[in-house]
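A structural walkthrough
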Amino acid sequence: MVTLSVKNDSSSKRLRSPDLLENEDTKIRAVDSQFFPLSYAPRSDTSVRCRVNPDSGKVILFFGKEISSWNRESNYDVNIIPKSETVPSNILYMYELLRTQQSIIFSVCYNIGKRLCNMWSKSDPTNILYTQNVTYQSQTNFRTWGRILCDSHTKSDITSYMLEGCKSSYDGYKAATISLNLDGVKQYSLYPGQIVAVEGTNPTNSIFHVKQFFTKGYAIKSEPPKLTKNLNIIVAAGPFTSSDNLCYQPLFNIMERVAKEEPHILILIGPFIEKSHPHIKNCKLMETFLELFERLLVKAMQYLLGKSVKLVIIPSHLDAHHFAVFPTPGFHINKDKLPQNGENIYMMSDPSIMDIEGLIIGVTSVDSIKHISKEEISNFPATDRLIRIADHILSQCCFYPFYPPSVNLDTKMWKKHAFFNLQPHILILPSDMRYFCGVINDCLVINPERSIKQMYARLCIRPSEQWNPHNISCEIGKI
């Protein structure tokens with residue numbers, strides 16, 4: 001029987017005496033595998049200690065069928081193939097002319113909006129006018145499409161939302177836009193950058209009176225995987241060290257678990273050398289950020305010596321030693337510096353879609369969930385907010401549909417690498433927001449949260465002739 005449960009022990013919230021607090025919450029232990037940057041470190045004779053996680057091993061959320069053991073049961077050798085085109089490392093970022101950016105934005109809006117209208121007409125084959133002109137004047141209902149804009153600093157002001165068309169206005173310098181009146185809409189969920197198909201009237205040529213939106217433009221579903229045995233995957237997202245040190249103990253705690261359970265695949269998602277980390281910002285290192293990353297990777301790989309675990313590494317635009325632009329090319333590292341099992345490491349770009357024996361997994365390090373949640377307005381009170389936001393990403397077929405972006409976005413590369421034509425079986429969306437795991441349009445969407453919160457996720461995908469996301473067991477828990 002498929003279950004989704006959140007484990008929350010209320011007894012852990014009870015008041016405790018000072019003696020109990022002193023005995024439990026302040027426990028510390030020496031760092032098992034000391035890792036230091038070449039910096040102005042403390043005295044060498046002082047042992048480095050870290051606080052013990054009292055919730056270690058605790059399961060926070062479980063989805064799917066119960067698992068008796070997470071340890072590897074077979075030597076299932078899987079192939080990992082990049083399904084999407086890899087972001088090149090020699091690309092010249094941010095050299096776009098504004099007119100080129102405008103052309104790309106219009107092109108994306110036209111393509112997605114046209115697909116939405118085609119899907120809408122098939123699901124609701126009524127005799128109604130479709131037009132590309134968002135300022136079309138009519139007292140009867142018609143349908144058009146465009147991009148949602150907001151000209152207010154407060155998202156609560158629903159009168160400030162507008163619809164931007166996918167072609168230039170008559171002056172040729174900006175897109176045609178029209179204000180939206182949402183009083184007649186029963187349900188909606190909108191955010192800046194969202195491409196929607198919309199039905200309504202425009203009697204005065206100044207305000208579009210919306211009757212309904214159509215936003216469910218899901219991509220074509222992928223073929224069922226060709227797995228022959230159970231596939232175990234562990235997922236963890238950075239940052240991988242606390243803000244007061246660069247010892248990376250959370251990462252090594254994960255590697256200890258990986259060495260014990262020996263999953264088939266380990267997916268580590270950046271940032272690894274977070275540029276906002278106080279020690280990184282202070283620039284007290286006596287080595288380059290790249291050298292620090294290489295030493296960190298060598299240390300992590302030592303846990304996998306003699307293991308057949310395949311390691312997938314996804315970069316982040318927040319990494320201090322890498323490109324600060326999204327989409328982001330994969331890390332480049334000299335594999336001769338790695339231990340003997342360096343052939344089992346895969347440097348993917350961000351975002352990436354990987355094919356594992358027909359199992360399609362989409363993953364990105366950019367926090368689309370958080371960026372959308374800050375600006376979304378919705379009147380769906382009964383729905384799970386985080387699942388609803390993840391649904392936006394799937395329905396737009398884009399890892400980062402938010403616009404104007406909150407990241408350094410290269411528009412040309414965004415159009416080429418941030419969209420997907422086939423829907424993944426599993427979509428991994430790390431975020432600072434609360435962890436979640438849910439099914440959207442037969443796709444399992446996961447937020448494993450951050451390793452600095454001692455969080456990680458592990459999956460067990462069972463073989464089946466027909467794809468069913470409920471055939472996956474997913475556990476989100478404490479490291």
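These remarks concern the structure in this document. (Residues numbered from 1 in each chain as written. Predicted model: local features only at pLDDT ≥ 70, side-chain atom pairs only at ≥ 80, totals over all residues. Heavy atoms only, no water.)

We now examine empty space enclosed by the protein. This model, assessed by the stated rule, comprises 3 cavities of 30 Å³ or more. The computed volume of the largest cavity comes to approximately 70 Å³. As for the largest cavity, its lining consists of Pro225, Lys226, Leu227, Ile461, Arg462, Pro463, Ser464, Gln466, Trp467, Asn468 and Asn471. Residues that form the lining of the largest cavity fall into these classes: 5 nonpolar, 4 polar and 2 charged. (1 Å grid on protein atoms, 1.4 Å probe; cavity = no way out; pocket = protein on both sides within 12 Å on 5 of 7 lines; lining within 4 Å. Points joined across faces, edges and corners; volume = space filled by probe spheres on them. Nonpolar A, V, L, I, M, F, W, Y, C, P; charged D, E, K, R; others polar.)

The next subject is the nonpolar core. Ranked by size, the top nonpolar core spans 44 residues in total, and within it Ile369, Leu394, Trp414, Leu427 and Val445 carry the most contacts. Listing elements by their share of this core, those giving two or more residues are helix H2 (98-123), strand S11 (195-202), helix H6 (368-375), helix H7 (385-396), strand S23 (436-440) and strand S24 (443-447). Tallying contributions element by element places H2 first for this core, with 8 residues. (Core = buried A, V, L, I, M, F, W, Y, C linked by side-chain atoms within 4.5 Å. Buried < 20%, exposed > 50% of the residue type's maximum accessible area, 1.4 Å probe, protein only. Helix = DSSP H or I, 4+ residues; strand = E, 2+ residues; numbered from the N terminus.)

For S11, the tally of buried residues reaches 8 of 8 residues, placing the bulk of the element in the interior. Burial along S11 is two-sided: the face carrying Ile195, Ala197, Glu199 and Thr201 and the face carrying Val196, Val198, Gly200 and Asn202 are both buried. In terms of strand pairing, strand S7 (residues 138-150) meets S11 through 7 bridges, oriented antiparallel. Each bridged residue has a counterpart across the sheet, and for Phe142 the counterpart in S11 is Gly200. Hairpin connection from S11 to strand S12 (residues 207-214): 4 residues lie between these consecutive antiparallel strands, with Asn205 at a positive phi of about 65°. (Pairing = 2+ DSSP bridges.)

Secondary-structure assignment places Ser352 in strand S18 (residues 352-356). Judged by its relative accessible area of 3%, Ser352 falls in the buried class. Engagement of the side chain of Ser352 in a polar contact is seen with the backbone oxygen of Ser349, the distance being 2.4 Å. Leaving out residues up to four positions away in the same chain, Ser352 has contacts with Ser84, Ile314, Ile361, Gly362, Val363 and Phe399. (Polar contact = N/O pair within 3.5 Å; in protein donor to acceptor, adjacent residues only side chain to side chain. Contact = heavy atoms within 4.5 Å.)

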